[in-house]
Structure formats: C-alpha cells, structure tokens
Amino acid sequence: MPKQKTHSGAKKRFKITGSGKVMKQQAGMRHHLEVKSSDRKRRLNQDQVVPEVDAKVIRRMLGK
C-alpha cells in the first residue's frame, strides 16, 4: 500500500500547535514596508489562527 505524501506547499506555509490549531503567517509583510506604520508591521508579523473551515483541508494536506 503506498504512503500518503505531505503537500510540499502546505508544510512550508502552515504549522499545527500542540492543541491542534493550524497557524499561518499573516499576509502583507513582503514589500512596501516603508509606507506601513510600525504598529501595522508588528501586527502583520504575528502568526494567525486559520479558520476551522480551512483548517480541515490543511490538516488533510499535512497528513494529520
């Protein structure tokens, strides 16, 4: 029986916490950083919990 492969793109973008929540990096920290305020950059730099609707699909991609 073949093994289930982990989705390569998903394993780079998401991580699963000890309690089972799926975390992702907030978008918006790649470019045009000089026009964004320090407060905004600090907020965007934090990890974010993925909604449970999407988390179900992501967990399947990660094989969890």
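Above this text is the structure in question.
Note that this is a predicted model, so its numbers are computed, not measured.

Caption draft 1: Examining the overall build of the chain more closely. For the chain, the count of helices and strands is three helices and three strands. Walking the chain from its N terminus toward its C terminus, one meets helices and strands in the order α-β-β-α-β-α. Counting contacts in the chain only where the partners sit at least 6 residues apart, residues at least 24 apart contribute 50% of the total. Of the roughly 5,500 Å² of accessible surface on the chain, a fraction of 52% belongs to carbon and sulfur atoms. The averaged location of the 5 negative side-chain charges in the chain is 9 Å from the averaged location of its 18 positive side-chain charges.

Caption draft 2: Looking closely at the nonpolar core. Counting residues in hydrophobic clusters, the biggest one holds seven residues: Ala10, Phe14, Val22, Val50, Ala55, Ile58 and Leu62. Sort the elements by how many residues they give to this core and helix 3 (residues 52-62) lands first, with three residues. Among all residues touching phenylalanine 14, those that are not within four sequence positions of it are Val22, Met23, Lys24, Val50, Ile58 and Leu62.

Caption draft 3: Representation of the sheet that holds strand 1 (residues 14-16) in the model. Here three strands make up an open sheet; going across it, the order is 1-2-3 and the pairing antiparallel. Here the strands that pair on one side only, and so sit at the sheet edges, are strand 1 and strand 3 (47-49). The sheet shows a mean angle of 35° between the axes of neighbouring strands, direction not considered. In this sheet, strand 3 lies alongside strand 2 (residues 22-25) in antiparallel orientation, the contact comprising three bridges. When the sheet's bridge partners are listed, lysine 24 is paired in strand 3 with glutamine 48. Each of strand 1 and strand 2 touches helix 3; the most contacted strand, strand 1, lies at about 90° to it.

Caption draft 4: The arrangement of the side chain of lysine 36 in detail. Topologically, lysine 36 is positioned in the loop between strand 2 and helix 2 (38-44). Among buried charged residues, lysine 36 stands out as having no salt bridge; its nearest opposite-charge side chain is glutamate 34, 8.6 Å away. Among the polar contacts listed, one links the side chain of lysine 36 to the backbone oxygen of histidine 31, at a separation of 3.2 Å. Not counting residues up to four positions away in its chain, the partners in contact with lysine 36 are Gly28, His31, Lys41 and Leu44.

Rules of the game
- Residues numbered from 1 in each chain as written.
- Predicted model: local features only at pLDDT ≥ 70, side-chain atom pairs only at ≥ 80, totals over all residues.
- Heavy atoms only, no water.
- Helix = DSSP H or I, 4+ residues; strand = E, 2+ residues; numbered from the N terminus.
- Contact = heavy atoms within 4.5 Å.
- Areas by Shrake-Rupley, 256 points an atom, 1.4 Å probe, with all protein chains shown as cover.
- Lys, Arg positive; Asp, Glu negative; His and termini not counted.
- Charge placed at Lys NZ, Arg CZ, Asp CG, Glu CD.
- Core = buried A, V, L, I, M, F, W, Y, C linked by side-chain atoms within 4.5 Å.
- Buried < 20%, exposed > 50% of the residue type's maximum accessible area, 1.4 Å probe, protein only.
- Pairing = 2+ DSSP bridges.
- Axes fitted to C-alpha atoms, helices over the stretch in contact; angles between N-to-C directions.
- Salt bridge = Lys/Arg side-chain N within 4 Å of Asp/Glu carboxyl O.
- Polar contact = N/O pair within 3.5 Å; in protein donor to acceptor, adjacent residues only side chain to side chain.

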